[in-house]
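Close look at the chain arrangement
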Amino acid sequence: MSEPLLDVRSITKRFGGLTAVRDVDLSIPMGTIASLIGPNGAGKTTFFNCITGFYTPEEGEIIFDGRPIQGLTTDNIAKRGIARTYQNIRLFGDMTVLENILVGMHHRLHAGMWQPIFSLDHSEEQKALVEAMELLDFVGLKGQGDYLAANLPYGMQRRLEIARALASNPKLLLLDEPTAGMNPIETDTMMNFIRQLRDDLGLTIFLIEHDMKLVMTISDHVTVMDYGRKIADGTPKEVQSNPAVIKAYLGTSAVDEAEEAEAEA
Ligand SMILES: Nc1ncnc2c1ncn2[C@@H]1O[C@H](COP(=O)(O)OP(=O)(O)OP(=O)(O)O)[C@@H](O)[C@H]1O
């Protein structure tokens with residue numbers, strides 16, 4: 001089997017006396033969609049934050065694309081090819097759609113953070129602009145580059161956030177609750193869009209999501225956390241029928257009911 005793109009080995013992250021992530025292993029093969037689920041407070045976002053370098057785990061190792069990344073800065077990890085979006089949208093609302101995307105490119109431009117990107121007389125900046133327009137097209141924001149980000153409808157702001165993450169040219173894209181606050185139609189559209197990211201761009205995707213229909217429909221692999229530990233992982237089908245998962249979500253009585261229903265069937 002080929003090397004996983006991301007290989008997390010027994011990481012532990014503590015906040016004082018609280019162990020938010022305890023001895024968790026996880027590996028994601030290239031070109032797949034993996035999901036991380038679990039009840040509120042299970043440790044999912046902390047786990048993401050360890051991968052992106054926002055936190056450094058006290059124990060364990062994180063190997064990305066064959067090299068260890070734990071202890072690197074968030075910037076250096078982004079340069080290695082990991083991009084993310086956040087549970088709460090973090091766009092620059094008073095900047096245009098296009099400017100938001102150009103900001104996402106700054107890691108790989110020789111330019112500094114602001115000024116040179118926006119002076120368009122240099123060939124590198126011209127190239128960046130063309131790429132940004134292509135990205136806008138890809139995410140369905142064609143012709144809206146001059147709009148203020150804050151004025152986009154909610155679903156499109158989420159897409160713009162993804163476009164900005166894509167602008168850094170990542171190999172692995174982490175999405176933290178990409179459908180949070182969406183209605184069922186917006187959620188379906190986002191689900192198809194995430195699939196497109198894998199199928200058309202060949203990206204590897206790792207998402208945290210509470211919408212079980214989305215998770216069970218698009219994931220190649222699902223990992224379940226509860227109280228900081230990994231309690232199950234496998235295909236969507238395997239995870240759905242795992243008693244530990246049912247118990248974590250619905251309580252012990254739900255496991256008994258599920259077992260009774262299975263016995264009667
Ligand atoms: N910076 C921090 N300092 C102290 N405790 C923290 C910190 N960040 C998270 N925690 C705690 O760690 C535990 C895991 O939190 P985390 O946000 O990772 O869970 P989660 O699974 O992402 O939850 P949710 O689904 O509600 O977003 C929680 O008990 C939380 O209160």
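Scroll up a little and you will see the structure.
From a predicted model like this one, the values you see are computed outputs, not experimental measurements.

1. A few points about the packing of helix H6 (residues 154-166) against helix H7 (residues 184-201)
Taken N-terminus to C-terminus, the directions of H6 and H7 make an angle of 20°; their axes are 11 Å apart at the nearest point. Overall, the two elements H6 and H7 adopt an arrangement that is roughly parallel. In the crossing of H6 with H7, the sense of the turn from one axis to the other is right-handed. Two secondary-structure elements touch here, H6 through Gly155, Arg158, Arg159, Ile162 and Leu166 and H7 through Glu186, Thr189, Met190, Phe193, Leu197 and Leu201. Residue classes in the contact of H6 with H7 are distributed as 6 nonpolar, 2 polar and 3 charged.

2. Details of unusual backbone geometry
Of all residues except glycine, most have a negative phi; of all peptide bonds, most are trans. Here the phi dihedral of Asp23 falls at roughly 55°; this positive angle occurs in a residue that is not glycine. Phi is positive for Asp65, which is not a glycine, with a value near 55°. Its location among the elements puts Asp65 in the loop between strand S4 (59-64) and strand S5 (67-68).

3. Considering H6
With 13 residues, H6 should reach 18 Å at 1.5 Å per residue; the first-to-last C-alpha distance of 19 Å fits that figure. Counting buried positions along H6 yields 11 of 13 residues, so the element is predominantly enclosed. Along H6, the positions that sit buried rather than exposed are Gly155, Gln157, Arg158, Arg159, Leu160, Glu161, Ile162, Ala163, Arg164, Ala165 and Leu166.

Cut-offs used in this document
Numbering of residues begins from 1 in every chain and follows the order in which that chain's sequence is written. For this predicted model, a pLDDT threshold of at least 70 governs which residues receive local features, and a threshold of 80 or more governs which side-chain atom pairs are given and counted, while totals over whole chains, interfaces and linings are taken from all residues. The basis for every side-chain value is the complete set of heavy atoms in the structure, and neither hydrogens nor water enter the calculation. Only C-alpha atoms enter the line fits that serve as axes; for helices the fit covers just the stretch in contact. Angles between N-to-C directions range over 0 to 180 degrees. Counting from the N terminus, the helices are DSSP H or I runs at least four residues long and the strands are E runs at least two residues long. The scheme is simple: roughly parallel for angles under 35 degrees, roughly antiparallel for over 145, roughly perpendicular for 65 to 115, oblique for anything else. Crossings are assigned a handedness: left-handed for a near helix turned anticlockwise from the far helix by less than a right angle, right-handed for a clockwise turn. Two residues form a contact once any of their heavy atoms are found within 4.5 Å. For this scheme, ten residues count as nonpolar: Ala, Val, Leu, Ile, Met, Phe, Trp, Tyr, Cys and Pro. Four count as charged, namely Asp, Glu, Lys and Arg, and the remainder, Gly too, count as polar. Helix span is expected to be 1.5 Å times the residue number reduced by one. Any residue under 20% of the maximum accessible area for its type is buried, any over 50% is exposed, and the rest in between are partly exposed; the area is computed with a 1.4 Å probe on protein chains only.

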